Structure formats: structure tokens, C-alpha cells
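Chain residues, written in single-letter form:
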Amino acid sequence: MKVLILTGSPHSRGTTALLADEVCVGAKDTGHEVIRIETAKLNVHPCLGCYHCRDNDGRCVYDDDMTQIYPHILTADAVVLVTPLYYFGMTAQLKRVIDRFFAINPLLRKTPKRLYLIAACGDKDDWAMDALVIHYQTLCRYLNWQEGGKVLAIGAYTREDLKDSDYPKLARDLGMEL
Ligand SMILES: Cc1cc2nc3c(=O)[nH]c(=O)nc-3n(C[C@H](O)[C@H](O)[C@H](O)COP(=O)(O)O)c2cc1C
């Protein structure tokens with residue numbers, strides 16, 4: 001199975017990177033092909049909302065690093081979104097990539113996949129990730145993708161906070177069960 005991991009943090013060695021590492025290990029150990037893309041390192045323009053793609057067979061006005069993502073998102077069986085919580089949602093770096101799915105919406109909605117969510121945040125409130133989870137569930141519903149599963153690491157400001165927690169193991173288990 002092909003697994004596409006899209007990470008959204010600007011920190012390559014941060015909290016969510018550690019969780020993404022665990023998902024990768026679990027998925028690779030199970031024999032999956034894993035493609036991991038750090039969206040914060042890419043040159044991806046935010047969608048202009050010009051609708052050029054609608055009249056031009058899904059071609060965007062921007063010729064940027066989304067061209068690295070489109071082939072993988074179309075052929076992946078599972079997609080894992082990995083993001084720190086930024087103001088109760090995903091990071092802008094990841095969101096700008098998801099907005100650019102718009103150009104290939106019809107194709108994506110016809111391609112069954114499972115979507116997973118891995119997130120970390122500093123707060124310990126059990127509601128801290130509610131808005132993010134609703135967004136994830138709504139994406140699944142709109143795209144006709146299945147909800148695969150999620151790991152929500154609350155109380156995790158830094159990767160140090162993960163050390164004595166179950167979250168790394170939960171992320172590895174998720175990778176093994178994709
Ligand atoms: C701009 C910004 C917004 C944040 N917003 C929230 C938030 O709404 N709730 C929360 O609990 N933590 C918030 N945090 C903390 C991060 O989610 C947390 O530190 C996370 O572990 C960072 O992950 P990373 O190291 O992978 O980037 C925010 C951090 C930043 C820099």
C-alpha cells in the first residue's frame with residue numbers, strides 16, 4: 001500500500017516530526033511504501049481563488065512545488081496529515097497545500113482513500129483539538145474518503161513532553177495498522 005505523509009510544522013525536529021517518524025517506522029515495518037513530504041519546506045502558493053483550474057482541466061496558474069504532491073496524492077491509498085495545532089487548526093503551511101487540492105477535486109473525490117490525522121498541542125484541555133477534528137472529519141466527508149484514525153497529543157509543547165507519554169507508541173501503532 002502507498003502511504004503519503006504530509007507534515008505541516010516548520011520544525012523539522014519538533015514535536016510532530018517525532019510522531020511522523022513513528023508513523024513512518026510502523027508503516028515501513030509493515031511493508032508499506034511511504035512518501036513523506038514536509039510541506040513547510042516547499043514553495044507552494046496559497047490558492048488565488050481565480051478558478052483557472054476549473055476551465056483548464058485542473059491546471060493551476062501556479063507552476064510550483066504542488067507538482068511534487070499531485071502525483072502522490074492521486075495514487076496514495078492512505079494519506080496522513082501531521083500538524084501542530086496553530087490557533088485551534090492545522091498550520092497555514094499544510095492548509096495552503098490542502099486548498100490547492102481544489103484544482104483536482106473531481107479526481108480526488110473519485111479516488112477512495114483513508115485519511116489519518118496526527119496532531120500535537122501544548123494545551124491539556126480535552127477540547128483543544130475539537131475544531132481540528134471536525135475539520136478532518138469534514139474533509140473526509142467531502143472527499144468521500146474514509147476516516148482512518150487519529151492520534152491527538154495534548155499537553156505536548158515540545159518533543160520533550162512526549163518522552164513519558166504514550167503518544168509515540170500510539171503513532172507507531174497507527175503506522176502499523178494503516
Ligand atoms: C503560532 C502558534 C500557534 C499555536 N497555537 C496553539 C493552540 O491553539 N493550542 C495549543 O495548545 N498549542 C498551540 N501552539 C503550540 C504548538 O501546537 C505546540 O508547541 C506543538 O508541539 C508544536 O509542534 P512542532 O514542534 O511539531 O511544530 C501554537 C504554537 C504556535 C507557534
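Details of the structure are given in the entry above.
What counts, and where the lines are drawn
Residues numbered from 1 in each chain as written. Predicted model: local features only at pLDDT ≥ 70, side-chain atom pairs only at ≥ 80, totals over all residues. Heavy atoms only, no water. Near = heavy atom within 4 Å. Polar contact = N/O pair within 3.5 Å; in protein donor to acceptor, adjacent residues only side chain to side chain. Areas by Shrake-Rupley, 256 points an atom, 1.4 Å probe, with all protein chains shown as cover. 1 Å grid on protein atoms, 1.4 Å probe; cavity = no way out; pocket = protein on both sides within 12 Å on 5 of 7 lines; lining within 4 Å. Sits in = over half its atoms within 2 Å of the grid points. Nonpolar A, V, L, I, M, F, W, Y, C, P; charged D, E, K, R; others polar. Points joined across faces, edges and corners; volume = space filled by probe spheres on them. Phe/Tyr/Trp six-rings, centres within 6.5 Å; stacked < 30°, edge-to-face > 60°. Helix = DSSP H or I, 4+ residues; strand = E, 2+ residues; numbered from the N terminus. Buried < 20%, exposed > 50% of the residue type's maximum accessible area, 1.4 Å probe, protein only. Lys NZ or Arg CZ within 6 Å of the ring centre and 35° of its normal.

**Q** Residue-level account of the site of the ligand, with values.
**A** The ligand sits among 16 residues. The nearest are Ser9, His11, Thr16, Ala156 and Tyr157. In this structure, Leu85 approaches the ligand through a main-chain N or O atom, which is 2.8 Å from an oxygen atom. Contact distances for the ligand include 3.1 Å between an oxygen atom and a backbone N or O atom of Gly122. Coverage of the ligand by the protein amounts to 79% of the 650 Å² it exposes when considered alone. More than half of the atoms belonging to the ligand lie within 2 Å of the grid points that define the largest pocket. Here the shell around the ligand is composed, by residue class, of nine nonpolar, six polar and one charged.

**Q** Quick rundown of empty space enclosed by the protein? Include the residues and the values.
**A** The probe, sized like a water molecule, is rolled over the atoms to show the empty space still left. Going through the model one piece at a time under the given rule, you end up with one cavity of 30 Å³ or more. As a volume, the largest cavity reaches approximately 130 Å³. What lines the largest cavity is a set of 14 residues, and nearest its centre among them are Cys47, Leu48, Cys50, Cys53 and Cys60. Counted by class, the lining of the largest cavity contains eleven nonpolar, two polar and one charged residues.

**Q** Tell me what's going on with the layout of surface pockets, and back it up with residues and numbers.
**A** Looking at the largest pocket, its volume works out to about 320 Å³. Forming the boundary of the largest pocket are 18 residues, of which Pro84, Leu85, Ala120, Cys121 and Gly122 lie nearest the centre. Of the residues assigned to the lining of the largest pocket, the class counts are nine nonpolar, seven polar and two charged. The volume enclosed by the second largest pocket comes to roughly 160 Å³.

**Q** Which residues make up the packing of aromatic side chains, and what values go with them?
**A** Between two aromatic rings, the relevant description is the distance of the centres plus the angle of the planes. Across all of its chains, the model carries two aromatic pairs by this definition. With centroids separated by 5.8 Å and ring planes inclined at 70 degrees, the aromatic side chains of Tyr51 and Phe102 adopt a geometry described as edge-to-face. Taken together, the residues Tyr51 in the loop between strand 2 (33-38) and helix 2 (52-55) and Phe102 in the loop between helix 4 (92-99) and helix 5 (105-109) connect sequence positions 51 residues apart. For Tyr51, a relative accessible area of 44% translates into the label partly exposed. Taking the centre distance of 6.3 Å and the plane angle of 25 degrees together, the rings of Phe88 and Trp127 count as stacked. On the criterion of sequence distance, the pair formed by Phe88 in the loop between strand 3 (78-84) and helix 4 and Trp127 in the loop between strand 4 (114-120) and helix 6 (130-143) is long-range, its members being 39 residues apart. By relative accessible area, Phe88 is classed as partly exposed at 39%. A cation over a ring is seen here: Arg109 above Tyr142, with NZ or CZ 4.2 Å from the ring centre.

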